[in-house]
Protein chains: 2
Amino acid sequence: MAENEKDDERLKRAQKNTKELREYLYRQQPADIAEIVQQMDDREDQKRLIKILEPEDAALVLNELEDSELAAEILTELPENRAIDIVSEMSSDDAADLIFELDEDDREAILDLFEEEDANEVQRLMNYPPDTAGGLMTTEYVAVPAHVTAAAAIEMIREQAPDAETIYYLYVIDSKGHLVGVLSLRELIVAKPLTNISEIMWRDVRYVNVNDDQEDVAKIVSKYNFLAIPVVDDENILRGIVTVDDVIDVIHDEAAEDFLRMAGTSLAEEDEDSAIGKFSTAVRSRLPWLLITIMGGLCSGQVLSHYESQWSQVIALSFFVPLVIGMGGNVGTQSSTVTVRGIATGSISGKRVIFTVLREASIGISLGVTVGSLVACAAYLWQGSITIGIIIGMALVCNMLTAATLGTLVPIVLKKLKIDPAVASAPFISTTSDIVGLLIYANLAIKILGL
Amino acid sequence: MAENEKDDERLKRAQKNTKELREYLYRQQPADIAEIVQQMDDREDQKRLIKILEPEDAALVLNELEDSELAAEILTELPENRAIDIVSEMSSDDAADLIFELDEDDREAILDLFEEEDANEVQRLMNYPPDTAGGLMTTEYVAVPAHVTAAAAIEMIREQAPDAETIYYLYVIDSKGHLVGVLSLRELIVAKPLTNISEIMWRDVRYVNVNDDQEDVAKIVSKYNFLAIPVVDDENILRGIVTVDDVIDVIHDEAAEDFLRMAGTSLAEEDEDSAIGKFSTAVRSRLPWLLITIMGGLCSGQVLSHYESQWSQVIALSFFVPLVIGMGGNVGTQSSTVTVRGIATGSISGKRVIFTVLREASIGISLGVTVGSLVACAAYLWQGSITIGIIIGMALVCNMLTAATLGTLVPIVLKKLKIDPAVASAPFISTTSDIVGLLIYANLAIKILGL
């Protein structure tokens, strides 16, 4: 914190003097400079800062801006030759991502800044859906033919390094561009200079297809601790690479998606950005879950009204309705959350499935007995009736067993039906548990009290 | 899938023949071999497979095993010289992590396998809490003095590469071990061979302290797209590095923690592993949230019983209690989830706070009006009373406004009080919304019906 304040002061002092500002910025990371740009209120200040940077750094900073429209606006308002210098330093995937967010006119304006070859490249990348390996990949990688020597390969890296996104993996291709091997810079460095690449490369290359889902790409890179993974098309021709920093972004996004979806907040449309995002999207993404709750609430009401005549004889029973409803819903949500998570991470599969169901059911009973006894005592103390205590206690045990089993089974069955188990989210499970719980409670009461 | 089956067959054939098995395994990634080991039922098979591997690969495979106890058991049951070969290939942080999970006896047995120097190193690493930079770091990095040339540095990398966790960053230290600079292998490779390292290194090194929280380490590495970050002690002496693959694990773990905690499933104790984990931990971690729900349920019951005399005059009102309760809880949870997420990612801070509260409140009203009108119609159709329709409709609008505001404010206030906002999880918010919602409903009904 103290360091930040010192930095702020330094920045303020430096802003008065271009040379000092340049020196200050030189020592900052692109992500930090992007934050400074975002916090500036005046467009002229923002442009001035970007102009001071080397084109290479300016390209990185613009890509780090969270607000792509801001980046595009700054870029299009800069003097044209300056803007051309900057876009020529952008990696093709970053450029495609930036342009993808813009409307038609802005797209044209930016694409005009690129050389024709680069513009075509960027447009090709924009054709891949953004959540696929193709949408994620960069085309700036180092590729060498299999027949060159280690020394020659190092020389090729030296030449290609300024443009390549990562030089830590060397991809080996045949004359038609097919991916035939891979070699890490580490292995290359320790290899004897005159060894042929084909002798030291790994032939069993892990790769992904351009159409693979970004979540699968992230899983492979995480699992194998890769720094990058090659992307090939259906003919096995190397088209690009996905680097680990983009994978980290995917992991963040997917976690946010799961997180919000489980709470019934969203169907992927409302992601973390839309905490500052579109109002109508937020309303639209939350409404479906509330409609489920309405259906559930009306069904519960139907249950209550069905037993009305018996029920009204012992009015105290209705005081426990909120408790019965809340309890089943909570336990069901807990079980379904653990299960959805377990399915996502792969820890629930094969023979683990039955084990998980049994485990969650036993947890449900244990929690039910604990909670049920507590509530039975509370009910007795409050209403002075042992019978009511017993009814509510027993109802809770049955309820929580049912809710836990339901919360575990539903995501597993959905998964088997190839439906995303995360749709078995809080609102769905808790609504179902509510209705079932209420039915159990009402019937138990009627049986025991002989109504 | 098809490829997996083919692989399985190949594995089965290969198991009959050691040479074939070795060739098969040679082409697999450590994470894949670890999966094979985990799926084997027979300890002898597991040991046989590990023995076939080169010690270096065996070390990687044992570290990839999710079950550290299994890894330790295999290791201690191997012939001693074999086990020594394997542990000597383990990186110190992986070894520390593995040993950390074991009980006292097993720890001794494994530590005895290390050479004294390595054993001391491992024990030093074990002293750092596992969720700090120190607990996460490895001590196998490449460090060079500032005064050597680029060519000499490349030669030093060649020598240190087999042991180093990553050779893609070169850390520059002074004679006392203070971190004074950093250089990427990429920059080193393109530098002129006779340049002094001190001329080309970056002096403004981003680093973390050994005591920093792993979540902060992950944030920095994600933000700046680093492949590794140096870890220093309070004297600025370089102690280790945290590599990006460990950061990815942290991101996964933290996402799982947030995910489970928001559902009131857990207080960090029950993580994804315990989908197959300890029963008692699961029960203990879920119970507190249920106790909150009990309190809430009893309070709601109290509200119902308080208004009993007025209430019983229009029995139909009670049929909507489940709906009123469910609705407020859901909207509150949605708002609090978005807010908790926004706080975690930093998108809600400073002037954004008021904006967020106003935004969620407006979403609450919009959803309330939509849902309220729908339910009002449904109530009229069901009960044939316009008045009841109006009451329930109005109650839902007020309810959802209150719940959305509450769901947004509570995490923000908790954050200000330096309490983890994620404890404002589903059970807490939905319980509070339930009680407030019921109070609004009851009072509206009494006012409008003049009870």
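Residues numbered from 1 in each chain as written. Chains lettered and ligands numbered in written order. Predicted model: local features only at pLDDT ≥ 70, side-chain atom pairs only at ≥ 80, totals over all residues.

Peer 1: Before we go on, may I ask you to explain the overall build of chain A in this structure?
Peer 2: Helix and strand content of chain A: 22 helices and six strands. Whereas a compact globule of 451 residues would reach a radius of gyration of roughly 22 Å, chain A reaches 30 Å, over 25% beyond that. Taking the principal axes of its C-alpha atoms as reference, chain A extends roughly 90 × 60 × 45 Å. Here chain A holds 451 residues, and the buried ones make up 46% of them. In chain A, 68% of the contacts between residues at least 6 apart in sequence involve partners at least 24 apart. (Helix = DSSP H or I, 4+ residues; strand = E, 2+ residues; numbered from the N terminus. Rg over C-alpha atoms; globule rule 2.2 N^0.38 Å. Buried ≥ 20, exposed ≤ 12 C-beta atoms within 10 Å, placed from the backbone. Contact = placed C-beta atoms within 7 Å.)

Peer 1: Looking at this model, I keep getting lost on the pairing of strand S5 (residues 228-232) of chain B. Mind explaining?
Peer 2: Note on strand geometry: in a regular strand, side chains alternate between the two faces of the sheet. All names here are of chain B. Across the five residues that make up S5, a large majority, four, are buried. Examined bridge by bridge, strand S4 (residues 208-209) and S5 share two bridges and lie parallel to one another. From the neighbouring strand, Val208 faces S5, where its bridge partner is Val231. The pairing of S5 with strand S6 (residues 238-243) spans five bridges and is classified as antiparallel. Within S6, the residue paired with Ala228 across the bridge is Thr243. Counting the residues that bridge the hairpin from S5 to S6 gives five residues, and of these Asn236 lies at a positive phi of roughly 65°. (Pairing = 2+ DSSP bridges.)

Peer 1: Even after reading the chapter, I still don't get the sheet that holds strand S3 (residues 179-184) of chain B, so can you show me in this structure?
Peer 2: Each strand in a sheet pairs with its neighbour through backbone hydrogen bonds, running either in the same direction (parallel) or in the opposite one (antiparallel). Residues and elements named next belong to chain B. One open sheet holds the three strands; their spatial order is S1-S2-S3, and the pairing between them is mixed. Every interior strand has two partners, whereas the edge strands, strand S1 (142-145) and S3, have only one. For this sheet, the mean angle separating the axes of adjacent strands, direction not counted, is 30°. For S1 and strand S2 (residues 169-173), the ladder comprises four bridges, and the chain directions are parallel. Following the sheet pairing, Val142 is matched in S2 by Leu170. Each of S1 and S2 touches helix H12 (residues 150-160); the most contacted strand, S1, lies at about 145° to it. (Axes fitted to C-alpha atoms, helices over the stretch in contact; angles between N-to-C directions.)

Peer 1: What exactly am I supposed to notice about the confidence of the model for chain A here?
Peer 2: Any residue range with low pLDDT should be treated as having predicted coordinates unsuitable for detailed reading. Residues and elements named next belong to chain A. Scored by pLDDT, chain A has a mean of 83; 91% of the residues are at 70 or more. Ranking the elements of chain A by mean pLDDT puts helix H1 (residues 2-15) last with 57 and strand S4 (residues 208-209) first with 96. Here residues 267-276 is modelled with pLDDT under 50, and outside its nearest four sequence neighbours on either side it reaches 31 contacts, counting other chains as well. What the predictor reports for the complex is a pTM of 0.75 with an ipTM of 0.73. (pLDDT = per-residue confidence, 0-100.)

Peer 1: Sorry, what's going on with helix H6 (residues 68-77) of chain B here?
Peer 2: For an α-helix the count is 3.6 residues per turn, leaving residues at separations of three or four pointing the same way. Residue and element names in this part refer to chain B. Within H6, burial applies to Ala71, Ala72, Ile74 and Leu75. The buried residues of H6 occupy one face: seen down the axis, they fall within an arc of 165°. In this fold, the buried residues of H6 make contact with helix H4 (43-52), helix H5 (55-64), helix H7 (80-89), helix H8 (92-100) and helix H9 (104-111). (Arc of directions from axis to C-beta.)

Peer 1: So what exactly am I meant to see when it comes to the interface of chain B and chain A here?
Peer 2: Every contact between the two is made by 91 residues of chain B and, on the other side, 90 residues of chain A. Secondary structure elements with two or more residues in the side of chain B that touches chain A: H12, helix H13 (185-190), helix H15 (214-224), helix H16 (244-262), helix H17 (279-306), helix H19 (321-345), helix H20 (352-383) and helix H22 (426-449) of chain B. Take the side of chain B that touches chain A: its biggest share by element is 16 residues, from H17 of chain B. Across the side of chain B that touches chain A, the residue classes tally to 48 nonpolar, 27 polar and 16 charged. (Nonpolar A, V, L, I, M, F, W, Y, C, P; charged D, E, K, R; others polar.)

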